[in-house]
Amino acid sequence: GLPGMDGTTVCRELRTFSDCYVIMLTARTDERDKLAGLSIGADDYLTKPFSPRELLARAQAMLRRPRRGTGAPGSMSPLVFGRLLIDLDRREIRLDGVPIEVTRIEFSLLAALAARPAHAFSRRDLIEAVWGPNYVSDEHLVDVHVRNLRRRLGEDAADPKFIRTVRGVGYGMGEGT
């Protein structure tokens, strides 16, 4: 019911850069809508009509639970791959100390790969990590973003230093030099 985009899209977009608390307040009472809202990152789902006291109680209960990644900026150590530094708190990428400008999607893609450097991610794995589990698209969308990211990092796909291609699977994080 929001103008421009629906609540699930707002929540999905919010989750790409924030771990803030999210309570969905909605008239949609169908179980599928509730499951979709919770699966894309909402912490709670409250349907109309509801009392202000119930909303307050749910918000207070949520605030009693600790959040991952909370605390002072810099609480998460930057990820380092040779000359490449990925600062998750600041959402910055530096190559040889020089900031690299990337899109939000490119940063999220690189962060997903860097979080599990020994893992070989399928394109579907990366779509779920970056766009969310309900995102429907051609899986080769990942290839386009990897190609753009490699270009920004000055990397040659034939001799990758950071993002490696895993034949028949997808991508992984390289060793770096």
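Everything discussed here concerns the structure shown above.
The rules behind each value
Residues numbered from 1 in each chain as written. Predicted model: local features only at pLDDT ≥ 70, side-chain atom pairs only at ≥ 80, totals over all residues. Heavy atoms only, no water. Pairing = 2+ DSSP bridges. Helix = DSSP H or I, 4+ residues; strand = E, 2+ residues; numbered from the N terminus. Contact = heavy atoms within 4.5 Å. Axes fitted to C-alpha atoms, helices over the stretch in contact; angles between N-to-C directions. Phe/Tyr/Trp six-rings, centres within 6.5 Å; stacked < 30°, edge-to-face > 60°. Buried < 20%, exposed > 50% of the residue type's maximum accessible area, 1.4 Å probe, protein only. Core = buried A, V, L, I, M, F, W, Y, C linked by side-chain atoms within 4.5 Å.

A. Up close: the sheet that holds strand β5 (residues 92-95). Spatial ordering of the open sheet is given by β3-β4-β5-β6, a layout of four strands whose pairing is antiparallel. In the strand order of this sheet, the two ends are held by β3 (79-81) and β6 (98-99), each with one partner. Against the sheet, helix α4 (residues 104-115) contacts β3, β4 (84-87) and β5, and its axis sits at roughly 105° relative to β4.

B. View of the packing of aromatic side chains. Across all of its chains, the model carries one aromatic pair by this definition. Ring geometry for W131 and Y135: centres 5.8 Å apart, planes at 25°, overall stacked.

C. How the structure looks around the sheet that holds strand β9 (residues 170-173). The antiparallel open sheet is built from three strands, whose spatial order is β7-β9-β8. Every other strand in the sheet has two partners, leaving β7 (121-122) and β8 (163-166) as the edge strands with one partner each. Two elements, β7 and β9, share two bridges in a ladder whose sense is antiparallel. Considered in β9, the bridge of F121 is made with Y171. Along the sheet face, α4 touches β7, β8 and β9 and points at about 70° away from the line of β9.

D. Quick look at unusual backbone geometry. Cis geometry is found at the peptide bond from K48 to P49, where omega equals -5°. On the secondary structure map, P49 appears in the loop between β2 (44-47) and α3 (52-64). Although it is not a glycine, R91 adopts a positive phi angle of roughly 55°. Relative to the assigned elements, R91 resides in the loop between β4 and β5. For R91, a relative accessible area of 30% corresponds to the partly exposed category. A positive phi angle, near 55°, is found at D96, a position not held by glycine. Mapped onto the secondary structure, D96 falls in the loop between β5 and β6.

E. Structural view of the pairing of β9. Across four bridges, the pairing between β8 and β9 is antiparallel. From the neighbouring strand, T165 faces β9, where its bridge partner is Y171. In sequence, β8 turns back onto β9 through a hairpin of three residues, with G168 there showing a positive phi of about 75°.

F. Broad picture of the environment of R64. Tracing the backbone through its elements, the reader meets R64 in helix α3. The class for R64 is exposed, based on a relative accessible area of 65%.

G. Representation of the nonpolar core within the structure. Counting 27 residues, the largest nonpolar core has L84, I163 and M173 as the members making the most contacts within it. Looking at this core, the elements with two or more residues in it are β4, β5, α4, α5 (123-130), α6 (141-152) and β9. The element best represented in this core is α4, accounting for eight residues. Those residues in contact with I163 that lie beyond four places of it in its chain are L110, L113, V146, L149, R150, L153, E155, Y171, G172 and G174. Ranked by size, the runner-up nonpolar core spans six residues in total, among them C11, V22, A42 and Y45.

On their own, these measurements won't tell you what the molecule is for.
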